[in-house]
Amino acid sequence: MRFSGIFLDFDGVISRNSFELMIGWAHSYMCQFSYIEERTIREIAKITIAFPPDAVLELLLRSFGIPGDVKEVQQLMLKAVSNSILVEQTFYEIIDFCQKESIQVKILSLNYLNQIASALQINLSDWLIVDDSPYALRAAKIAGLKTAVMISPLFNMDDYLEYQNMIDIKLWSLHDLIKIIDSTCI
């Protein structure tokens, strides 16, 4: 099947290190007020990954009684980590390849998928979404998209196995995505 377009998730797909940076920063910030294991923050982030980032941060702060305005804390985090976020080099290759093949590429947060599809008048059934979250892919599959999981260190194989029936394609790198797209363009 040839795809009309591809939705790419930023955190965990285009940038493989952004989650680790944010989790590390959140852990350091929260430990200023009360000790909490980094693993706890990681598990909460993993489960709530498909939620808006400010809602996740609010959940973390409120759950552990950490003071602070969510928007201000979010700005502190973005300021601290933004210069360290790396974009996978292959991302640019995907953009070039898709442009040559007239395949649209959109970067999005799953939270806004239905609004974006409606606004752009996109038929989701011939679009592929690439995300590292099995929970996000579950929602995307229900919305009618083809799904590709980018295997990520944030999740373990058991997380992916729970939703394997919602995942059409498994990717280990963005290079794998280029191969998949190329094979559908023939």
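Refer to the structure presented above.
Remember, it's a predicted structure, so these values are computed and weren't measured experimentally.

The rules behind each value
Residues numbered from 1 in each chain as written. Predicted model: local features only at pLDDT ≥ 70, side-chain atom pairs only at ≥ 80, totals over all residues. Heavy atoms only, no water. Salt bridge = Lys/Arg side-chain N within 4 Å of Asp/Glu carboxyl O. Helix = DSSP H or I, 4+ residues; strand = E, 2+ residues; numbered from the N terminus. Buried < 20%, exposed > 50% of the residue type's maximum accessible area, 1.4 Å probe, protein only. Core = buried A, V, L, I, M, F, W, Y, C linked by side-chain atoms within 4.5 Å. 1 Å grid on protein atoms, 1.4 Å probe; cavity = no way out; pocket = protein on both sides within 12 Å on 5 of 7 lines; lining within 4 Å. Points joined across faces, edges and corners; volume = space filled by probe spheres on them. Nonpolar A, V, L, I, M, F, W, Y, C, P; charged D, E, K, R; others polar. Patch = residues over 30% accessible without salt bridge, like charges linked within 9 Å, V, L, I, M, F, W, Y side chains within 5 Å. Areas by Shrake-Rupley, 256 points an atom, 1.4 Å probe, with all protein chains shown as cover. Phe/Tyr/Trp six-rings, centres within 6.5 Å; stacked < 30°, edge-to-face > 60°. Axes fitted to C-alpha atoms, helices over the stretch in contact; angles between N-to-C directions. Parallel < 35°, antiparallel > 145°, perpendicular 65-115°, else oblique. Left-handed = near helix turned anticlockwise from the far one by under 90°. Contact = heavy atoms within 4.5 Å. Expected span 1.5 Å × (residues − 1). Arc of directions from axis to C-beta.

For side chains of opposite charge, pairing can occur when their charged atoms come near one another. This structure, assessed with the given rule, holds seven salt bridges. In this structure, glutamate 20 engages arginine 42 in a salt bridge whose closest nitrogen and oxygen atoms are separated by 2.8 Å. One end of the pair, glutamate 20, is in helix H1 (residues 18-31); the other, arginine 42, is in helix H2 (residues 38-47), and 22 residues separate them in sequence. For glutamate 20, a relative accessible area of 33% gives the class partly exposed. Each member of the salt-bridge network shares a partner with another, and the members are Glu20, Glu38 and Arg42.

This next bit is on the nonpolar core. Ranked by internal contacts, the top residues of the largest apolar core, which has 37 residues, are Phe7, Tyr29, Met30, Ile41, Leu61, Ile129 and Leu145. Elements represented by at least two residues in this core include exactly H1, H2, helix H3 (53-63), helix H4 (70-81), strand S3 (127-131) and helix H7 (134-142). A per-element tally of this core places H1 first, with seven residues. Ranked by size, the runner-up nonpolar core spans 20 residues in total, among them Ile14, Ile103, Ala148 and Leu174.

Evaluated as defined, the whole model comprises one cavity of 30 Å³ or more. Counted as a void, the largest cavity has a volume near 40 Å³. In this structure, the largest cavity is lined by Gly12, Arg16, Phe19, Glu20, Ser152, Pro153 and Leu154. Within the lining of the largest cavity, the residues separate by chemical class into three nonpolar, two polar and two charged.

The next point concerns a nonpolar patch on the surface. Taken together, Met157, Leu161 and Trp172 make up a surface patch of nonpolar side chains, about 330 Å² in accessible area. Here methionine 157 lies in helix H8 (residues 157-162).

Attention now moves to the packing of aromatic side chains. Using the criterion set out here, one finds seven aromatic pairs in the structure. With a centroid separation of 5.4 Å and 70° between ring planes, the pair formed by phenylalanine 91 and tyrosine 92 is classed as edge-to-face. Members of the aromatic cluster, joined through ring pairs, are Tyr135, Phe155, Tyr160 and Tyr163.

Below, the discussion takes up the packing of H1 against H4. The interhelical angle for the contact between H1 and H4, taken along N-to-C directions, is 125°, at an axis separation of 10 Å. In terms of orientation, H1 and H4 fall into the oblique class. Both H1 and H4 take part in a crossing whose hand is right-handed. Contacts from Leu21, Met22, Trp25 and Tyr29 in H1 reach Val73, Leu76, Met77, Ala80 and Val81 in H4. Here the contact of H1 with H4 is composed, by residue class, of nine nonpolar, no polar and no charged.

Our focus in this paragraph is helix H5 (residues 89-100). Side chains that are three or four residues apart share a direction in an α-helix, a result of its 3.6 residues per turn. For H5, built from 12 residues, the straight-helix expectation of 16 Å at 1.5 Å per residue is met to within 8% by its first-to-last C-alpha distance of 18 Å. Taken together, the buried positions of H5 are Thr90, Phe91, Ile94, Phe97 and Cys98. Mapping the buried residues of H5 onto a view down its axis gives an arc of 125°, with all of them on the same face. The exposed residues of H5 that point more than 90 degrees off its buried face are Gln89, Gln99 and Lys100. Where H5 is buried, its residues contact strand S1 (5-8), strand S2 (104-107) and helix H9 (174-184).

Shape descriptors only; they carry no functional weight alone.
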